[in-house]
Amino acid sequence: TERLPELVAGADLVLSAAGTSSGELLCLGAAAALVRVADNQADTYARMVDGGLVAPLGHVSELRDRPGAASELLGRLLADLGERRRLRRAGWALVDGRGRVRVADHLVARTGDR
């Protein structure tokens, strides 16, 4: 869909794989629960979980083995507006979407107005 940012921003909770779109979820202010699907997602998943930015659902194989644990966590999140707000604030504080502007400003300041 071309409306994905709008849908994410309006969702109570977003369930996603821990891939490259994870940063976009934070920038959009999503309360998110992540699943680690592939080995190359381990670092992103760990950093976001350790930083308290997302709810951890574990590796996809764990979901297959214990689907009740994921259901319980998701149910708790859906019932806890305060925790969803905390996740939104934590993600937005880290990824505000203005990084390229800060990099450009820094480069202009270092090189001068040429």
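What you are looking at is a predicted structure, and each value in this text was computed from that prediction instead of being measured.

A. How the structure looks around the overall build of the protein chain. In terms of regular secondary structure, the protein chain is built from seven helices and three strands. The helix and strand sequence of the protein chain, counted from the amino end, reads α-β-α-β-α-β-α-α-α-α. Reported as C-alpha extents along the three principal axes, the dimensions of the protein chain are approximately 60 × 30 × 30 Å. When the 114 residues of the protein chain are sorted by exposure, 29% land in the buried category. The contacts in the protein chain between residues at least 6 apart in sequence include a share of 40% that link residues at least 24 apart. Of the accessible surface of the protein chain, which amounts to about 7500 Å², a share of 53% is contributed by carbon and sulfur atoms.

B. Geometry of the sheet that holds strand E3 (residues 55-59). Spatially, E1-E2-E3 is the arrangement adopted by the three strands of the open sheet, whose pairing is parallel. Looking along the sheet, the strands with just one partner apiece sit at the ends: strand E1 (14-17) and E3. With direction set aside, neighbouring strand axes in the sheet form an average angle of 20°. Here E1 pairs with strand E2 (residues 32-36) via four bridges, running parallel. Residue Val 14 lies in a different strand from E2, and its bridge partner there is Ala 32. Against the sheet, helix H5 (residues 67-79) touches E2 and E3, its axis set at about 165° to E3.

Thresholds applied
- Residues numbered from 1 in each chain as written.
- Predicted model: local features only at pLDDT ≥ 70, side-chain atom pairs only at ≥ 80, totals over all residues.
- Heavy atoms only, no water.
- Helix = DSSP H or I, 4+ residues; strand = E, 2+ residues; numbered from the N terminus.
- Buried < 20%, exposed > 50% of the residue type's maximum accessible area, 1.4 Å probe, protein only.
- Contact = heavy atoms within 4.5 Å.
- Areas by Shrake-Rupley, 256 points an atom, 1.4 Å probe, with all protein chains shown as cover.
- Pairing = 2+ DSSP bridges.
- Axes fitted to C-alpha atoms, helices over the stretch in contact; angles between N-to-C directions.

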